[in-house]
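Chain and residue survey
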Amino acid sequence: MQLDENTIRSVVAQVLAEVGPMPSLSGPSMPDSANAFEGSHGIFGNASDAVTAARRAFEQLRERPMEDRKRVIDIIRKISIENCEELGLMEMRETGIGRPEHKIEKLRALGELSPGTEFLQTKAFSGDHGLAIIERAPFGVIAAITPVTHSLPTITGNAVSMIAGGNAVVVNPHPSGRLVAVEGVRRFNEEIAREVGIDNLICVIAEPTLESAAELFGHRDVALICVTGGPAVGRAALNSGKRAIVAGPGNPPVVVDETADLDNAARCIIQGGAYDNNLLCIAEKEVFVVDSVFDDMMAAMRRAGAVQLDQAQIAKLTSVAITQVGDDNHDAAAKDYIGKDAAVLAAAAGVKVPESCELVFGETDEHHPFVSVEQMMPFIPFVRARDVDHAIAMAKHYEHGFRHTAIIHSRNVHNMTKMGKELDTTLYVKNGPCMASLGLGGEGYLSFSIAGPTGEGVTTPDTFTRERRCSMIDELRVV
Ligand code: NAD
């Protein structure tokens, strides 16, 4: 079922009406008892109420057995899978970016593959002086900031991992993805409250602002911050004075050397680069191909169904899809083109493409703005490199030191090793599409918060826990 904007707004208005009036951010908000928030189903008008309610939910969860954490996670998984179509289409309609089939698929995949309590590992040291057990303990209330590119999917993955770790979470979503965030959170909490008897384990600020984010960061009951987004939010989290897990921006380069299976490389670049219209932070953003196979690679792209733009068409697209922002007038992706279909980009370039076309591409030089900018749209620039060393050097330069994701198509293990060492990225994919690195067609597990700058990597429940050691002196070593 596809919900229109008015229906979504009326659902949220109804939810907010049931919760009560929204106090102002600065106004008094503390109720007589934190229990007063039960029945809110996680939807709050201000940060202070949300943190108070989440703290209460955390305290309740702390009293429960591990089995109850699993039950809560199973509920989130079930809703994410069973409602993926309705909620995915709601997100598509609200944000207006990406592709509907991928909005649906992302929710289903997160429901199926987000890591749960099984990721919490206890370590033990046993010796002449007894026993030390190292266990993973929750932080308490975590403040999460989520991006417009995957609003509810990020909340879903964060919620599963954070609750598996024993925490509660308050989310300040991107304002352009807040309605689906509110509706998803409402559904999760309603069912968790009914089945497990705890409300508000996942809270959301219904009208998120930079001020509500700052209030969350500064709240004394927020023990940890996890932000997923671009450079500004990463900086804000790291300046907060609290421990922050930062899942920051990327600009993933692809290198194709002379030994690569070019048809496989083309299929992979289209699969990853066109997924959700290039909104994934891990998605292929620019490709460096060694000169000896450059023309063959372009032909492979055309064979695989991508449409090549010529120089004049690329210039036309660039004039509308890349804009200049900030005091220094630096290049950035134009909002009107982020996450739009390949057909929209092609039309802007003056080309009509078949409906089946998922990606447009073309040759540029390395200085083209589509190479340096994290474009988040399904046009991919291909740059000629003298040889593999030149390709790797350019890949390193245009990854901008984010240490996020890099991809190579090659059969030469030495080249693979060299690029892995040079780029030093959190994710490094060989001979596959970007998403294979998150367990979607490759090994490993899935999360939409990949913490490069702060080093936690693909986040798991373990990421959201503190280490605690419990020592028994001189006893209980029974061997
Ligand atoms: P964005 O940076 O514009 O916004 C992300 C979130 O941060 C939003 O909720 C926004 O309201 C908030 N925000 C922005 N500035 C803030 C500030 N100063 N203080 C507090 N909150 C602030 O990004 P977006 O367009 O929503 O998402 C795309 C970006 O996110 C891309 O750069 C992409 O690479 C990145 N991303 C990274 C990962 C990852 O796992 N590393 C995952 C998804 C997206």
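Conventions and cut-offs
- Residues numbered from 1 in each chain as written.
- Predicted model: local features only at pLDDT ≥ 70, side-chain atom pairs only at ≥ 80, totals over all residues.
- Heavy atoms only, no water.
- UniProt positions renumbered as here; feature names shortened; annotations may be inferred.
- Helix = DSSP H or I, 4+ residues; strand = E, 2+ residues; numbered from the N terminus.
- Domains from an automatic or database assignment.
- Contact = heavy atoms within 4.5 Å.
- Salt bridge = Lys/Arg side-chain N within 4 Å of Asp/Glu carboxyl O.
- Polar contact = N/O pair within 3.5 Å; in protein donor to acceptor, adjacent residues only side chain to side chain.
- Pairing = 2+ DSSP bridges.
- Axes fitted to C-alpha atoms, helices over the stretch in contact; angles between N-to-C directions.
- Expected span 1.5 Å × (residues − 1).
- Buried < 20%, exposed > 50% of the residue type's maximum accessible area, 1.4 Å probe, protein only.
- Parallel < 35°, antiparallel > 145°, perpendicular 65-115°, else oblique.
- Left-handed = near helix turned anticlockwise from the far one by under 90°.
- Nonpolar A, V, L, I, M, F, W, Y, C, P; charged D, E, K, R; others polar.
- Core = buried A, V, L, I, M, F, W, Y, C linked by side-chain atoms within 4.5 Å.
- Phe/Tyr/Trp six-rings, centres within 6.5 Å; stacked < 30°, edge-to-face > 60°.
- Near = heavy atom within 4 Å.
- Areas by Shrake-Rupley, 256 points an atom, 1.4 Å probe, with all protein chains shown as cover.

Further remarks concern the UniProt feature "domain: Aldehyde dehydrogenase" (unreviewed entry) in the chain. Within the UniProt annotation, "domain: Aldehyde dehydrogenase" (unreviewed entry) is assigned to residues 47-433. The distance separating the terminal C-alpha atoms of residues 47-433 is 39 Å; by composition the span is 46% helix and 20% strand.

Another point: the domain arrangement of the chain. For the chain, the domain assignment lists domain 1 (37-248 + 458-467) and domain 2 (253-442). For domain 1 and domain 2, the distance between their C-alpha centres works out to 32 Å. Between domain 1 and domain 2, the residue contacts involve 14 residues of the former and 18 residues of the latter. Here domain 1 is connected to domain 2 by three salt bridges. Here Asp-276 and Lys-106 are joined by a salt bridge, their closest N and O atoms 2.6 Å apart. Counting across the interface, domain 1 meets domain 2 through 10 residue pairs in polar contact (both at pLDDT 80 or more).

This next bit is on the sheet that holds strand E9 (residues 253-256). Strand order in the open sheet formed by seven strands is E11-E14-E15-E10-E9-E16-E17, with parallel pairing between adjacent strands. Of all strands in the sheet, those with a lone pairing partner are strand E11 (307-308) and strand E17 (427-430), marking the two edges. Note that E9 and strand E16 (residues 405-409) share three bridges and pair parallel. For Val-254, the partnering residue across the bridge sits in E16 and is Ile-407. In this fold helix H12 (residues 311-321) packs onto E11, strand E14 (360-363) and strand E15 (379-385), with an angle of close to 115 degrees to the strand it touches most, E14.

Moving on, we come to helix H4 (residues 84-95). Given a rise of 1.5 Å per residue, 12 residues ought to cover 16 Å, and the 16 Å separating the end C-alpha atoms of H4 matches this to within 8%. Of all the 12 residues making up H4, 10 are buried; the element is thus mostly covered by neighbouring parts of the structure. Within H4, the full set of buried residues consists of Cys-84, Glu-86, Leu-87, Gly-88, Leu-89, Met-90, Glu-91, Met-92, Glu-94 and Thr-95. In the stretch just after H4, Gly-96 is the one whose phi turns positive, near 70 degrees.

With that out of the way, let us pick up the packing of H4 against helix H7 (residues 178-196). The contact between H4 and H7 brings their axes to 8 Å, and the two run at 160 degrees. Taken together, the axis directions place H4 and H7 in an arrangement best described as roughly antiparallel. Taken as a pair, H4 and H7 cross one another with a handedness that is right-handed. Facing H4, whose interface residues are Glu-86, Leu-87, Met-90, Glu-91 and Glu-94, H7 presents Arg-178, Leu-179, Val-180, Glu-183, Gly-184 and Arg-187. Of the residues in the contact of H4 with H7, the class split is four nonpolar, one polar and six charged.

One can describe the packing of helix H15 (residues 388-398) onto helix H16 (residues 413-423) by two numbers: an axis separation of 10 Å at closest approach and a directional angle of 25 degrees. Here H15 lies roughly parallel to H16, going by the angle between them. Where H15 crosses over H16, the two elements pack in a sense that is right-handed. Where H15 approaches H16, its residues Val-388, Asp-389, Ile-392, Ala-395 and Lys-396 are matched on the opposing element by Asn-415, Lys-418, Met-419, Glu-422 and Leu-423. For the contact of H15 with H16, the class distribution of residues is five nonpolar, one polar and four charged.

Bringing the nonpolar core into the picture now. Ranked by size, the top nonpolar core spans 68 residues in total, and within it Ile-76, Val-170, Ile-192, Leu-201 and Ile-202 carry the most contacts. Looking at which element gives the most residues to this core, the answer is helix H2 (residues 47-62), with eight residues. Leave out the neighbours within four places in its chain, and Leu-201 touches Ala-57, Phe-58, Leu-61, Val-72, Ile-163, Asn-167, Ala-168, Val-169, Asn-189 and Ile-192. Ala-306, Ile-380, Met-416 and Met-435 belong to the second largest nonpolar core, which has 56 residues in total.

Attention shifts here to the packing of aromatic side chains. Applying the stated rule across the entire model yields five aromatic pairs. For the pair Phe-37 and Phe-44, a centre-to-centre distance of 5.4 Å together with 80 degrees between the ring planes defines the contact as edge-to-face. Grouping residues by exposure puts Phe-37 and Phe-44 together as buried.

The next thing to look at is the sheet that holds strand E6 (residues 202-205). In spatial order, the strands read E1-E6-E5-E4-E7-E8; together these six strands make up an open sheet with parallel pairing. Strands at the two margins of the open sheet, each flanked by one partner only, are strand E1 (43-44) and strand E8 (244-247). Summarising the sheet, E1 and E6 pair through two bridges and their orientation is parallel. The residue bridging Phe-44 from the neighbouring strand is Ile-205, located in E6. Along the sheet, H7 makes contact with E1 and E6, crossing E6 at roughly 150 degrees.

The subject of this paragraph is the site of the ligand. Close contacts around the ligand come from 28 residues, with Thr-146, Gly-230, Gly-248, Glu-374 and Ile-450 the closest. At 3.2 Å from a nitrogen atom of the ligand is found a side-chain nitrogen or oxygen belonging to His-404. Here Ile-450 contributes a backbone N or O atom positioned 2.6 Å from an oxygen atom of the ligand. Taken by itself the ligand offers 840 Å² of open surface, and the protein chains cover 84% of this. Mapped onto the shell around the ligand, the elements with two or more residues apiece are helix H8 (210-218) and helix H9 (231-238). Considering every element that reaches the shell around the ligand, the biggest residue donor is H9, with three residues. Here the shell around the ligand gathers at least three residues from each of two domains, domain 1 (37-248 + 458-467) and domain 2 (253-442).

Another aspect to go through is the environment of Lys-340. Within the fold, Lys-340 resides in the loop between strand E13 (330-333) and helix H13 (342-348). With 30 residues separating them along the chain, Lys-340 and Phe-370 place their C-alpha atoms 15 Å apart. When residues no more than four places from it in sequence are discounted, the contact partners of Lys-340 are Gly-96, Ile-97, Asn-277 and Pro-378. There is a polar contact of 2.8 Å between the side chain of Lys-340 and the backbone oxygen of Gly-96.

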